[in-house]
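Architecture and fold: a report
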Amino acid sequence: MKLEIWPLAPVQTKSVGSKVLLTCRIAAGGSIQEVRDLHWLDPQNRTIDNNNPLLKDRITTMHMPNDKSLLLIFQDLRADDGGQYTCVGSYSNAEQLAASVLIETIQPIMWVDAPTVQNPIKGKEGKIKCRVNANPSPNVDLLRNGVAIQSGDRYVIETDGLTIKNVQESDDGSYICRAVVIQTGEFAERVIKVEVQSPPVIDDSMISEIKVTEGESASIACKAYAKPPPSYSWIKESTKQNLGVGSERFMVNEHTGILTINHALKDDDGEFRCVANNPAGSVEKAVKVTVIVKPKIFNLRNISAAVNHEAKLECQATGNPLPNISFRKLSSETSFVLGVQSTDSRISVEIAKNQVKGEVTATLIISQLRREDDGLYACTAENKGGKEIKNGHLTVEFPPSFKNSPIKEAWSWNRMPVNLTCLAESIPNATITWELNNRLIEGEYTFRKYGNGPESTLTVTPSDARFYGHYKCVARNNHGEAKHIIELKEARAPSAVQQARPTIVTANTINFDIVGPNDHGGQKIKAYVVQYKTDRDRDWHMARNHTWTVDAAHILENLRPNTKYIFRFAAVNDVGEGPYSALVEQFMPATSAPQVPAIVTQPGPDGYIYSNYSSLAQIRWRIPHNNGAPIIKYTLTYCVVEDTGLERRVVRSTCRQSEVNSERTTVYDFRDLRPDTTYKFEVRAQNQIGFSQPAEAYVRTAKGSIDSQMHTVPSDRLSSAVLVLVVVAALFGILVIVDVSCFFFNETGLLSLACSSLCGKKKKHAKDDDPKLGSEAKELLNGHRDSKVRIDSNMDDSMKKNMQVNYDMKKSISKTSFVGKDSAV
């Protein structure tokens, strides 16, 4: 019995930085189960412990579960990890086993100073650096075009590279630095790209003069050829300032050579010098900068003139050279031309230039002014240096107008104050006075006036019929006057409702279709009010009230079954409530089973609802009218349907039933369905009287295998479904084995006998269901059943019929409230 370390070589030579794996195991013929306390020792005979914080991330041990061997793992081998490592263990609680391996570390080739890109200067002495480190020491040489370089007139081979005398552009190219360690056979190469640098030379196409407009920006490009590309700087000759340092208005891009002058001033006129520089040398180029003055508009005044009079708008500007001046109305894209306008002879433009003062004056003349001439006019002065635009306003004065005061009538009632407002457009603003039926009412205490113009509001409190009539708003300015009439009318409550017709009547609810009054009283109808009482109530003081908004459904709830009601209706507007009319009598039906639930899920054109799942379908329905008794629960039945194309036949043996014991729950998930199968679903609502008629829907599940069907089952049922499949598969396998054994020994089969026995234990007889059905019917009436699924292959059709229970509902009806106490709206 002995230990051995794999790989089996006693000495392992490994590179620093590599991953190393050593395996300690029992030699062939031994039993690892008899070895105990197997562990590794480092070169200092210390047990290698995975909990050592200094080593656990780099040197670890690990047991292999299959053959019980012990691994020693180096994640990142270091030079000081070299030495002898020993694997030890105990055999039969007495004999000590041990095996050792020597790890020798080597330092691979490392590039200490050998840049991949090097740049000697043209005409100077340059050196291609290639300094390499390795253990054992390497042999280093340089190659060009696959040939080793030898020392000569211009080349000197040194330990750390190659020295080149009088560097030329022909020395450009790729060099290979090669390092070889003969002892280890290690070999490495590095490609070094040599690019010889040359001094800058100014491009002949560079401009020598540029013009820039005062206040604007300009860019000057300086371009020089050099290797490598040069860096640029700009010097302003008048101040000797380096524009790339501490300058606010100047920006120098040292890589592209572009000088940007921001907001040029007159003082910038002069020479600017470009300096291009790189390690091989520098060069300069001077550029003359001429600053020109763009136009300046110094006189443009707003003017006013009356309709049908003449207006003159003057614009004066300076600039060098003298600018051209044009006018344009801001509402138009077309400028006026010099002289009389061909499109409108009323408008002309005149120009006068004064070369001595350096000024130009332009005059826009408009005769026979119209209101549409009012507005802003742009004066544009433009020369080679640019342009300037300023706006002047021409105000056209005109008499008052009530064109934009559309209010012609107002309403009031029950001495309610009302505001009458008019707005007079005019320039200058008009003064407004008020008249009632052609009588001046300014200053009367019964009226309150707010604002004398151009907007004025008169507050009227009509205490009697004299305050209703025609109110005249009169606006005046120095150009004329205008009048506007607002009629104040008295509003009233609406007339009687024309008709109220019951549309849907259940045991305790009724819907009405209401036709409003012919006369709304000058105000919109806001609501309808119903008063209702039973035929036993003597007068309307015992009636109850209910109010609907105009757009609401006119539904009245919580009525008594088997009771005759009398209803009357009235319309309501802002003034008040109209007279009650449209008397309606209605006898409420007896309490009965709920109405049919309405299935919300809509079928396709072929009448089927298609489920997205192969084993699950969801049915949604609306809460039906309960017809006088609260809904206790919903009964859901679903059966497989065979569709022959001519008819849909329900397979009764597949029918299942489920219950939902909540009136508010209107959705149910049917699970564990067959894939690619048609089902008929029925939903019945039940109250204390009985079942509603069923709501029916035909659903078709998606295609899919049993496996895919299992995936469609929600996760909370998946584990149980898998367990059932496994149990069924195991039972089937046992039955097959028994049947085959009987065939060979007795020439008979037990499979049919076993099936008969098993089916006999699970078979359900119709007579066994009768007592259960009876108990279920009682539980349905008592409302105590929990929600569950029941398989019933012989369901009695009588159970599908509505159950009727006669009882006195009067005790469940609360006492009605008196008139004036409205029910909920």
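All figures in this text were calculated on a predicted structure; none of them were measured in a lab. (Residues numbered from 1 in each chain as written. Predicted model: local features only at pLDDT ≥ 70, side-chain atom pairs only at ≥ 80, totals over all residues. Heavy atoms only, no water.)

Considerations on the overall build of the chain
Regarding its fold elements, the chain presents four helices and 60 strands. Burial statistics for the chain: of 825 residues in total, 40% are counted as buried. Across the chain, contacts joining residues at least 24 apart in sequence account for 63% of those joining residues at least 6 apart. Total accessible area on the chain stands at roughly 46,800 Å², and carbon and sulfur atoms take up 50% of it. (Helix = DSSP H or I, 4+ residues; strand = E, 2+ residues; numbered from the N terminus. Buried < 20%, exposed > 50% of the residue type's maximum accessible area, 1.4 Å probe, protein only. Contact = heavy atoms within 4.5 Å. Areas by Shrake-Rupley, 256 points an atom, 1.4 Å probe, with all protein chains shown as cover.)

Considerations on the packing of aromatic side chains
Tallied over the full model, the rule gives 18 aromatic pairs. Chaining the aromatic ring pairs together yields one cluster made of F512, Y532, W548, Y565, F567 and F569. Here the guanidinium or amino end of R568 rests over the ring plane of W540, the centre of that ring lying 4.3 Å away. (Phe/Tyr/Trp six-rings, centres within 6.5 Å; stacked < 30°, edge-to-face > 60°. Lys NZ or Arg CZ within 6 Å of the ring centre and 35° of its normal.)

Re the pairing of strand β8 (residues 95-113)
Bridge count between strand β2 (residues 11-15) and β8: five bridges; the pairing is parallel. Residue T13 lies in a different strand from β8, and its bridge partner there is E104. Note: strand β7 (residues 83-91) against β8, nine bridges, orientation antiparallel. Paired with T86 across the two strands is S100, which belongs to β8. (Pairing = 2+ DSSP bridges.)

Some points on the environment of G270
Of note, G270 is situated in strand β26 (residues 270-278). Take G270: its relative accessible area is 17%, and that puts it in the buried class. For G270, the residues in contact, after removing those within four places along its chain, are V287, K288 and V289.

Details of the pairing of strand β3 (residues 20-26)
Counted residue by residue, β3 has five buried out of seven residues, so it is predominantly covered. Inspection of the sheet shows strand β1 (residues 3-6) paired to β3 by four bridges, in the antiparallel sense. Within the sheet, the bridge partner assigned to L3 lies in β3 and is I26. Pairing analysis gives five bridges linking β3 to strand β6 (residues 70-74), with the strands arranged antiparallel. By the bridge assignment, V20 is partnered in β6 with F74.

Notes on the sheet that holds strand β20 (residues 218-221)
Taken together, three strands build an open sheet; the order of strands is β20-β25-β24 and the sheet is antiparallel. Every interior strand has two partners, whereas the edge strands, β20 and β24 (250-252), have only one. Within the sheet, the average angular offset between the axes of one strand and its neighbour, ignoring direction, is 15°. With four bridges connecting them, β20 and strand β25 (residues 258-261) associate as antiparallel partners. Note that in β25 the partner of S219 across the bridge is T260. (Axes fitted to C-alpha atoms, helices over the stretch in contact; angles between N-to-C directions.)

Section: the state of the cysteines
A complete count under the given rule lists six disulfides for this structure. Here the cysteine-cysteine linkages of the chain are recorded as 1-2, 3-4, 5-6, 7-8, 9-10, 11-12, numbering only bonded cysteines and doing so in sequence order. (Disulfide = S-S within 2.5 Å.)

Side note on the pattern of salt bridges
Applying the stated rule across the entire model yields 34 salt bridges. Among the salt bridges present, the one from R501 reaches D513, with a minimum N-O distance of 3.2 Å. One end of the pair, R501, is in strand β45 (residues 499-505); the other, D513, is in strand β46 (residues 510-515), and twelve residues separate them in sequence. The class of R501 is partly exposed, set by a relative accessible area of 41%. Two residues, K633 and E659, come together in a salt bridge whose shortest N-O distance is 3.6 Å. With K633 in strand β55 (residues 633-643) and E659 in strand β56 (residues 648-660), this residue pair connects regions lying 26 residues apart in the sequence. (Salt bridge = Lys/Arg side-chain N within 4 Å of Asp/Glu carboxyl O.)

Section: unusual backbone geometry
With an omega of -5°, the peptide bond running from I427 to P428 counts as cis. Its place among the elements puts P428 in the loop between β38 (425-427) and β39 (431-436). Between G453 and P454 the backbone carries a cis peptide bond, its omega angle lying at 0°. On the secondary structure map, P454 appears in the loop between β41 (447-450) and β42 (455-460). Of note in the backbone geometry, D37 takes a positive phi value of approximately 55° without being a glycine. Residue position: D37 is located in strand β4 (residues 35-41). The class of D37 is exposed, set by a relative accessible area of 55%. Of note in this structure, N145 is not a glycine but carries a positive phi near 55°.

Comments concerning the environment of I427
Among the structural elements, I427 can be located in strand β38. Classification of I427 as partly exposed rests on a relative accessible area of 25%. As a C-alpha pair, I427 and P454 span 27 residues in sequence and 9.6 Å in three-dimensional space.

Things to note about the sheet that holds strand β57 (residues 667-670)
Pairing in this open sheet of three strands is antiparallel, and the strands run β52-β54-β57 from one edge to the other. If you trace the sheet from one side to the other, it starts and ends with β52 (598-599) and β57, each paired once. Across four bridges, the pairing between strand β54 (residues 617-622) and β57 is antiparallel. Paired with Q618 across the two strands is D669, which belongs to β57.

So, the side chain of N545
Mapped onto the elements, N545 comes out in strand β48 (residues 544-549). Classification of N545 as buried rests on a relative accessible area of 8%.

Section: the side chain of S581
On the secondary structure map, S581 appears in strand β51 (residues 581-587). Side-chain polar atoms of S581 contact the backbone oxygen of V497, separated by 3.0 Å. Ignoring any residue separated from it by four or fewer positions in sequence, one finds S581 in contact with A496, V497, R568 and F569. (Polar contact = N/O pair within 3.5 Å; in protein donor to acceptor, adjacent residues only side chain to side chain.)

A short note on the confidence of the model for the chain
Averaged over every residue, the pLDDT of the chain is 84; residues scoring 70 or more account for 85%. Per-residue pLDDT stays below 50 along residues 706-722; that stretch engages in 20 contacts with residues further than four places along the chain or on separate chains. Scored below 50 in pLDDT, residues 751-825 shows 109 contacts in the model against residues more than four places distant or in partner chains. (pLDDT = per-residue confidence, 0-100.)

Things to note about the environment of C379
Following the sequence through the fold, C379 ends up in strand β34 (residues 375-383). Discounting residues that sit within four places of it in the chain, C379 has contacts with I297, L300, C315, I325, S326, F327, E388, I389 and K390.

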